[in-house]
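Chain and residue survey
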Amino acid sequence: MYIVFLGAPGAGKGTQAARIAKELVAEHIATGDLFRQAIEAGNDLGKKVNKYMVKGALVPDEITVGLIMERLAVLAQTRAIFDGFPRNLEQAKALDGALDKQNKAIDRVVYIRVAEDELVRRLSKRWICRNCQTPYGPDIPSRDGNRCDRCDGQLYQRPDDQPETVRKRLKVYFSETAPLIEYYRQQEKLLEVDGSGSVDSVANNIISALGERQFIAQ
Ligand code: AP5
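Report on the accompanying structure. (Residues numbered from 1 in each chain as written. Predicted model: local features only at pLDDT ≥ 70, side-chain atom pairs only at ≥ 80, totals over all residues. Heavy atoms only, no water.)

**Remarks on the sheet that holds strand β5 (residues 127-129)**
An order of β6-β5-β7 is seen for the 3 strands of this open sheet, with the pairing classed as antiparallel. Edge positions in the sheet fall to β6 (135-136) and β7 (155-156), since each has one partner strand and no second. Across 2 bridges, β5 lies against β7 in antiparallel orientation. Bridge pairing in β7 places Cys129 opposite Leu155. (Pairing = 2+ DSSP bridges. Helix = DSSP H or I, 4+ residues; strand = E, 2+ residues; numbered from the N terminus.)

Here you go:
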């Protein structure tokens, strides 16, 4: 089963995808996390993508699609959750085409809907782990405040969470990514979930919408 998590910056895609992937024993593929890890490693990919990310712009499709194709070729699980990909129609079509060649397809698209003022509130107060990318915020604090509960990595504020860059990212989201809602609705794959409740209640709604409760690892 292949699932796409769609939503604006700050909607909770990363938080929910990590959790649902664990519950469904699926691979969590997050392009933003992969890019940030490459930047941390100081490798060629990191050098290429950093200039786009700090500005809140999309990384060019040839880089992003190439990265996803590499991941698809070595998928360890039969289930995968794509978080932050696809981000525009070209990427969606590239993903459909690549899966089609393997006689596979995107099964479900979870669109997490959150009001804009709440997105801005969450992003202005987000801290993430430099090592494993786990996000924290005022409603989901880490125990220590400076270190990650999961791996003890150092927490930091993403450079693209500065207010001006958040405004740019939201603009990019509404012009380039939001059209995918209609794209997947027309394919009858869209599951719309209210993302404004607690992390537990949103996770519960996603599992119910997916109809996958029977598959959850005990
Ligand atoms: P990416 O890392 O994908 O960022 P994003 O899509 O803007 O999403 P965010 O990570 O900001 O938010 P999220 O929805 O994951 O929310 P989170 O769970 O963290 O991409 C970054 C950049 O990489 C892009 O701008 C682009 O440059 C590049 N890029 C990535 N993919 C690309 C692609 N496909 N093509 C081209 N370029 C690409 O939660 C947010 C905060 O809210 C956290 O603090 C969290 O603790 C909190 N929170 C979560 N849920 C709740 C809740 N229910 N209640 C209260 N607080 C909550």
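**So, the sheet that holds strand β2 (residues 27-30)**
An order of β2-β3-β1-β4-β8 is seen for the 5 strands of this open sheet, with the pairing classed as parallel. A single partner strand is all that each edge strand has here, and the edge strands are β2 and β8 (190-194). If you compare each strand with its neighbour and ignore which way they point, the axes differ by 20° on average. Strand direction decides the pairing type here: strand β1 (residues 2-6) and strand β4 (residues 108-113), joined by 4 bridges, are parallel. By the bridge assignment, Phe5 is partnered in β4 with Val110. Sitting on the sheet, helix α9 (residues 199-210) is in contact with β1, β4 and β8, with an inclination near 160° to β8. (Axes fitted to C-alpha atoms, helices over the stretch in contact; angles between N-to-C directions. Contact = heavy atoms within 4.5 Å.)

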